[in-house]
Amino acid sequence: MQLLTSKKLKTYLSLSVGATAAGGTTLAEAAARTNFMVRHVLMLALALLSAPLDAKADVIYVSLQNGTVQSFDVSLGSAAAIASSAQTFTSQALTRPQGVAFNATGDLFVASYDTSTIAKYAPNGSYLPGGSISTNLQNPFGIAFDASGRLFAVNNGGGGSVSIFDAAGTYQGSISSNLNSPTGVTVDASGNLYVANSGDNTISKFDAAGNYLAAGSIAGNLDAPFGLARDASGNLYAANVNNNTISKFDASGSFVSTLGSGSLSVPVGLAIDSSGNLYAANYNGNTIAKFSAAGTFLLSWSTADAPRFLAVAPVPEPSTWMLATIAAVVLAGACRLSTKPDLER
């Protein structure tokens, strides 16, 4: 865990001061300005920037039966705190919202079941009709993006299929074989696609080109699977609607364990946060349950209505160049002060 210390900030400032001195300011003046800044600005800078650089404030987004999308800050420590962080992200252009997924730039996409559309929203919740999708969909359920920005949407209607769209939202074709009442979908790091089939208790695997892969598909230890999720190790999780459990499989598709017995009530959507914690939307209980990476039940909190699918918002990583840029900006402001600052102020 890295912290922005006083020493580290001074290092960034000194680098910027060196550039300033080379541009015509004497080294003594630059040093005086640096000391002035450190004395009067350091506390504010540290207050803003001394949080752990690897800390992530995970936020869960959930589609609800009442036609809205709610968000919760799941980095908070208790069920009460998480519940109190609830925000209504949007209720525009949605009718029975289902799958939710973020693209690489942080825009949220929501599948609207009754209107057979996928609505796009900016990170601030603004509806973006120009980026929404209204063709080649039929009662969409789960949706997911791959690393290249392609969007996969499971169509529950029309016999069941998966529609594929490129990063611009242009239709690229569909998958219709080896599916049986498909529901949830997820993509692994290699671009392979996994689709939950609630009709025959299986999970179908397809390569990035849409070819069915018998090796890696799953046909046991499932009971009406719905939402899917993958963790950083490649393990696959499936929410079983009929028996109120979650099945865990390793990266090869081998069954590992059953989670959530006694803690779930018609689990639909699943999501995993940056720490590997697993979340399950309890459709019947109007709650979201949280489990540790080891599968231990931790807590649950209430939602405004019956929850469906879940997505974790992407969290940008802080970086060294960002800190250096901030330091340079602060220094530029200080250099506008008198060349003889009153260091006793």
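Predicted model, so just to flag it, every value in this text is computed and none were measured. (Residues numbered from 1 in each chain as written. Predicted model: local features only at pLDDT ≥ 70, side-chain atom pairs only at ≥ 80, totals over all residues. Heavy atoms only, no water.)

**Things to note about the overall build of the chain**
Of the regular secondary structure elements, the chain holds four helices and 23 strands. Within the chain, buried positions represent 49% of all 345 residues. For the chain, the exposed surface amounts to about 15200 Å²; the carbon and sulfur share of it is 52%. (Helix = DSSP H or I, 4+ residues; strand = E, 2+ residues; numbered from the N terminus. Buried < 20%, exposed > 50% of the residue type's maximum accessible area, 1.4 Å probe, protein only. Areas by Shrake-Rupley, 256 points an atom, 1.4 Å probe, with all protein chains shown as cover.)

**Here we look at the side chain of serine 217**
Tracing the chain through its elements places serine 217 in strand S14 (residues 212-218). Within polar-contact distance, the side chain of serine 217 engages the backbone oxygen of leucine 213 at 2.7 Å. (Polar contact = N/O pair within 3.5 Å; in protein donor to acceptor, adjacent residues only side chain to side chain.)

**A few points about the sheet that holds strand S4 (residues 97-102)**
The antiparallel open sheet is built from three strands, whose spatial order is S4-S5-S6. The sheet is open, and its two borders are formed by S4 and strand S6 (117-121), each paired with just one other strand. Pairs of neighbouring strands in the sheet enclose a mean axial angle of 20 degrees, with direction left out of account. (Pairing = 2+ DSSP bridges. Axes fitted to C-alpha atoms, helices over the stretch in contact; angles between N-to-C directions.)

**Some points on unusual backbone geometry**
One non-glycine residue, asparagine 136, lies in positive phi territory at about 60 degrees. Within the secondary structure, asparagine 136 sits in the loop between S6 and strand S7 (140-145). In this model, asparagine 178 sits at a positive phi of 55 degrees, which is unusual for a non-glycine residue. On the secondary structure map, asparagine 178 appears in the loop between strand S10 (171-175) and strand S11 (182-187). Take asparagine 178: its relative accessible area is 39%, and that puts it in the partly exposed class.

**Description of the nonpolar core**
Within the largest apolar cluster, 20 residues are counted, with the highest numbers of intra-cluster contacts made by Tyr61, Val69, Leu108 and Val110. Secondary structure elements with two or more residues in this core: S4, strand S5 (108-112), S6 and strand S23 (307-312). Apart from the residues lying within four places of it in its own chain, the contact partners of leucine 108 are Tyr61, Val69, Phe89, Val100, Ala101, Phe102, Ala119, Lys120 and Tyr121. (Core = buried A, V, L, I, M, F, W, Y, C linked by side-chain atoms within 4.5 Å. Contact = heavy atoms within 4.5 Å.)

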